[in-house]
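For reference, the chains in residue letters:
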Amino acid sequence: MSALAARPARPVLLLLLLLTGWLGLGVAAAGPAAAHAELVSTDPGEGARLDEVPGEITLTFSEGVSLGAGYARVLGADGERVDTGVAAVDGAVVTVPLRDGLPDASYVVTYRIVSADSHPISGAYAFVVGDGELADVGAAADDAPVDPFVSAGLPAARALGFAGLAVGLGVPAFLVLCWPAGWASPRMRRLTTAGLATVAGAAVLTFLLQGPYAAGTGPGSLLDPALLSTTAGSSFGLTTLGRGALALVLAALLVPLWRRGAQPAVQEQAGLAVIAGGVVLATAAVGHPVAGPLPVFATAVTAVHVAAMALWLGGLAALLAGLVRPRAEAGELAGALPRWSRIASGSVAALVVTGVVQSVREVGSPAALASTAYGWVLLGKLALVLLLLAAAGVSRVWVQQHLGISRPRPGSRRRVTAHAFAASAASSSDSGDPDEPVVAAARVRAAAQARGAVEDVGPLRRSVLVEAAVAAAVLVLSAVLVGIPPARAAVAEPVDVTLPLQSAAGESGTVQLSVDPARPGANTLHVYLFDEDGQLAQPTDLRVTLTEPEQEIGPLDVDLEPAGPGHWVADGMSIPGAGTWTLGVSVRLDEFTATTASTDVPVR
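Draft legend 1. Highlighting the sheet that holds strand β5 (residues 88-90). The sheet built from 4 strands is open, its strands ordered β1-β3-β6-β5 with antiparallel pairing. Across the chains shown, the open sheet's two edge strands, defined by having one partner strand only, are β1 (39-43) and β5. Across the sheet, the axes of successive neighbouring strands diverge by a mean angle of 20°, strand direction being ignored. Bridge analysis of β1 against strand β3 (residues 56-61) gives 4 bridges, and the strand direction is antiparallel. Along β3, the bridge assignment pairs L39 with F61.

Structure below.
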């Protein structure tokens, strides 16, 4: 029994080994932040006081963004829009042109944009032209949270899509690889068709919900033509609809094969595999994989993960619906289960490896597992995967004990105890082949094993049921993870940014700010000042402040110490708590010239 249990433990050992390697090397190997764009800088800066109205507002994010169904607006003191309504996006930079002839007043910039992973990011800030008071951002901004129906509907649609993918692709794959006779089963036909229809339906539902999700509206705007048009013009919308269309094409191609009730030809299998690969790729090419560093690599890893999931879970569904039952045909059960056991082991290994690669990319460091919502959901998924592997190990042991899938060593001859089948062996002894009695005895023994397996199929069915139930929970958590900001984007990271210094006459030099580690408590701030020629500058006066507008904290003065020409340090700068802090810099170059700059610092 211990020898038989050794093989099922291998995927678990592989998982533990890879996680151990991550714990040791994850931080060192981690690249820059992935997914969920963040506002890096603005021009003019938050709280800036200008002598004249700028021609445009510039918002710079940490990665490429789009307006999608969102907006980027500038509101005047009366709450009316003062922008031209033609905001433009160039990669990570959003530009909002302003109308001509605007008066001196306080203005509020409010935005809701869509990051590369299809999730909305919103915010607002204010600046002043002239001597007026700074506007109340909370009163002027019209930011809206995601509607509860929309926020619950999106993960539900994703979970349905994952489940449909597993059944719609995994069941035909199981029939091709393990159970050719299953093509004649009406139950397999209904299961596959329902799965592919679910993929298409979930894709349409996700497409409809994306518009309200990005715009911050409710279910009443599901069929809003403007939102539908915007989603259809995005890569997310096109990929999602493409996935649903490919699923329907695959279902249509399978219709004549079901009618024939026989194994598809090699050419037909190749065509089906190409369409199925398109469905898998369209599933992988949205969300977190396409945002952040190495999107092609991340998408390929995710595609392997999705394909392995479909093979494994689709095989479980086919086993439960078609093979693992008391009246199963003994020969079919004996032929399919050993093949399936090997395929499942390979799928598990692929899931483990690609899952760890995804975790390193999305989490970044082991510490983020315990400090972010993404990390906790991922830990819950990992616990369920371990339980799933344990149930799969029980199933594999049953197959080994009842049907025997171990292969003889090369060069050795398998021995069969033949005395229990003497009559059958003797009847074949006249053929002249000395191995014929052994072969005949082995056939009789295999038939007896198959009949015994059918009679004792109950434990295997219970084990497979546990696998399927836990797998369903894993799919739900996977759908939830897609909608949560990656842990890497939700943990504290050092800030290093260079900003233009704004004066009444325009830009006048730059300031480089570095905050490490950007966490509550003591931090180190470095300030470097550069003139218009890029040379380190020595001002008449320098002031740095910290403000947290949402919590109404500040401005707090930061004590600076000179550290060289054009360089100042605040070692031990205290940040009272988590939040989005505004680091403001005020520089007086001489008696008549004053410049300002500011940036938001996420503190977690």
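Draft legend 2. Up close: the pattern of salt bridges. For the structure shown, the criterion picks out 3 salt bridges. Here D83 ties to R81 by a salt bridge, and the two come within 2.7 Å at their closest N and O atoms. Residue D83 is classed as buried on the basis of its relative accessible area of 3%. Among the ionic pairs, R543 bridges to D557, the shortest N-O distance being 2.8 Å. Of this pair, R543 sits in strand β12 (residues 541-548) while D557 sits in strand β13 (residues 553-557), and the two are 14 residues apart along the sequence. Accessibility expressed as a relative area gives 52% for D557, which makes it exposed.

Draft legend 3. Main features of the nonpolar core. If you look at the biggest cluster of nonpolar residues, it comprises 55 residues, and the most contacted ones within it are L169, W312 and W340. Per-element tally for this core: the top contributor is helix α8 (residues 295-323), with 13 residues. With sequence-adjacent residues up to four places away left out, W312 is seen in contact with W340, A344, S347, V348, L351, L388, L389, A392 and E467.

Draft legend 4. Representation of a nonpolar patch on the surface. On the surface, L294, F297, V353 and V357 cluster together into a nonpolar patch covering about 350 Å² of accessible area. Here V357 lies in helix α9 (residues 330-363).

Draft legend 5. Quick look at the packing of aromatic side chains. Within the structure shown, the criterion is met by 4 aromatic pairs. Note on F61 and Y111: the rings are 5.7 Å apart at their centroids and 75° apart in plane angle, and the pair reads as edge-to-face. Note that F61 is positioned in strand β3 and Y111 in strand β7 (residues 106-115), a separation of 50 residues in sequence. Across the pair, exposure class does not vary: F61 and Y111 are buried alike. The interplanar angle of 70° and the centroid separation of 5.8 Å between the aromatic rings of F174 and W340 together place this pair among those described as edge-to-face. With F174 in helix α3 (residues 148-177) and W340 in helix α9, this pair connects stretches of sequence that are 166 residues apart. Grouping residues by exposure puts F174 and W340 together as buried. The ring of Y71 carries R73 above its face, with NZ or CZ at 3.8 Å from the centroid.

Draft legend 6. Expanded view of unusual backbone geometry. The step from D43 to P44 runs through a cis peptide bond, and the omega angle for that step is 0°. Inspection of the secondary structure assignment puts P44 in the loop between β1 and β2 (49-50). The omega angle of the peptide bond from G554 to P555 is 10°, so this bond is cis rather than trans. Considering the arrangement of structural elements, one finds P555 in strand β13.

Draft legend 7. The arrangement of helix α6 (residues 235-260) in detail. Here α6 is 26 residues long and its end C-alpha atoms lie 38 Å apart, about the 38 Å a rise of 1.5 Å per residue gives. Along α6, the sharpest kink reaches roughly 30°, centred on L254 and followed within four residues by the proline P256. Of all the positions in α6, only F236, G237, T240, R243, G244, A247, L250, L254, L257 and W258 are classed as buried. Tucked into the core, α6 has its buried residues touching α3, α4 (186-215), α5 (225-232) and α7 (266-284). Immediately downstream of α6, the backbone of G261 shows phi near 70°, a positive value.

Draft legend 8. Up close: the pairing of strand β17 (residues 594-603). Counting buried residues in β17 gives 8 out of 10 residues, a clear majority hidden from the surface. The sheet contact formed by strand β16 (residues 579-588) and β17 spans 10 bridges and is antiparallel. Residue pairing in the sheet places G579 in a bridge with V603 of β17.

Draft legend 9. Broad picture of the sheet that holds β7. Here 4 strands make up an open sheet; going across it, the order is β2-β8-β7-β4 and the pairing mixed. Of all the strands in the sheet, just β2 and β4 (65-75) have a single pairing partner and so form its edges. Note: β7 against strand β8 (residues 120-129), 9 bridges, orientation antiparallel. Its bridge partner lying in β8, Y111 is registered against G123.

Draft legend 10. Seen up close, the confidence of the model for the chain. Scored by pLDDT, the chain comes out at a mean of 77, with 76% of its residues at no less than 70. A low-confidence stretch, residues 406-431 stays under pLDDT 50, and its non-local contacts, those more than four residues away or across chains, total 17 contacts.

Cut-offs used in this document
- All residue numbers here refer to positions counted from 1 along the written sequence of the relevant chain.
- Totals for whole chains, interfaces and linings use all residues, but because this is a predicted model, local features are given only for residues with pLDDT of at least 70 and pairs of side-chain atoms are given and counted only at 80 or more.
- Water and hydrogen atoms were dropped before computing side-chain values, which therefore reflect all heavy atoms in the structure.
- The rule for pairing is simple: two strands pair if DSSP sees at least two bridges between them.
- To qualify as a helix, a DSSP run of H or I must reach at least 4 residues; to qualify as a strand, a run of E must reach at least 2; elements of each kind are numbered from the N terminus.
- As a rule, the C-alpha atoms of each element are fitted with a line to give its axis, helices using only the stretch in contact, and angles between N-to-C directions run from 0 to 180 degrees.
- Every case where a carboxyl oxygen of Asp or Glu lies within 4 Å of a side-chain nitrogen of Lys or Arg is listed as a salt bridge.
- Relative accessible area decides the class of each residue, using a 1.4 Å probe on protein chains only: under 20% of the type maximum gives buried, over 50% gives exposed, and in between gives partly exposed.
- As used in this record, nonpolar core signifies buried Ala, Val, Leu, Ile, Met, Phe, Trp, Tyr and Cys residues forming a set joined through side-chain atoms within 4.5 Å.
- Any pair of residues with heavy atoms lying within 4.5 Å of one another is described as a contacting pair.
- Each patch groups residues whose relative accessible area exceeds 30% and which form no salt bridge, using 9 Å between like charges and 5 Å between nonpolar side chains of Val, Leu, Ile, Met, Phe, Trp and Tyr.
- Only the protein chains shown count as cover for residues, and all accessible areas are computed by the Shrake-Rupley method using a 1.4 Å probe.
- Here a Phe, Tyr or Trp ring, Trp counted by its six-membered ring, pairs with any other such ring whose centre lies within 6.5 Å, and the pair is stacked when the planes are under 30 degrees apart, edge-to-face when over 60, and tilted otherwise.
- Only when the NZ of Lys or the CZ of Arg is both within 6 Å of the ring centre and within 35 degrees of the ring normal is a charge said to sit over the ring.
- Expected span of a helix, by definition, is 1.5 Å for each gap between consecutive residues, and there is one gap fewer than residues.
- Bend, in this description, refers to the angle at a residue between axes fitted to the seven residues ending there and the seven starting there.
- Here pLDDT means the predictor's own confidence in every residue, given as a number from 0 to 100.

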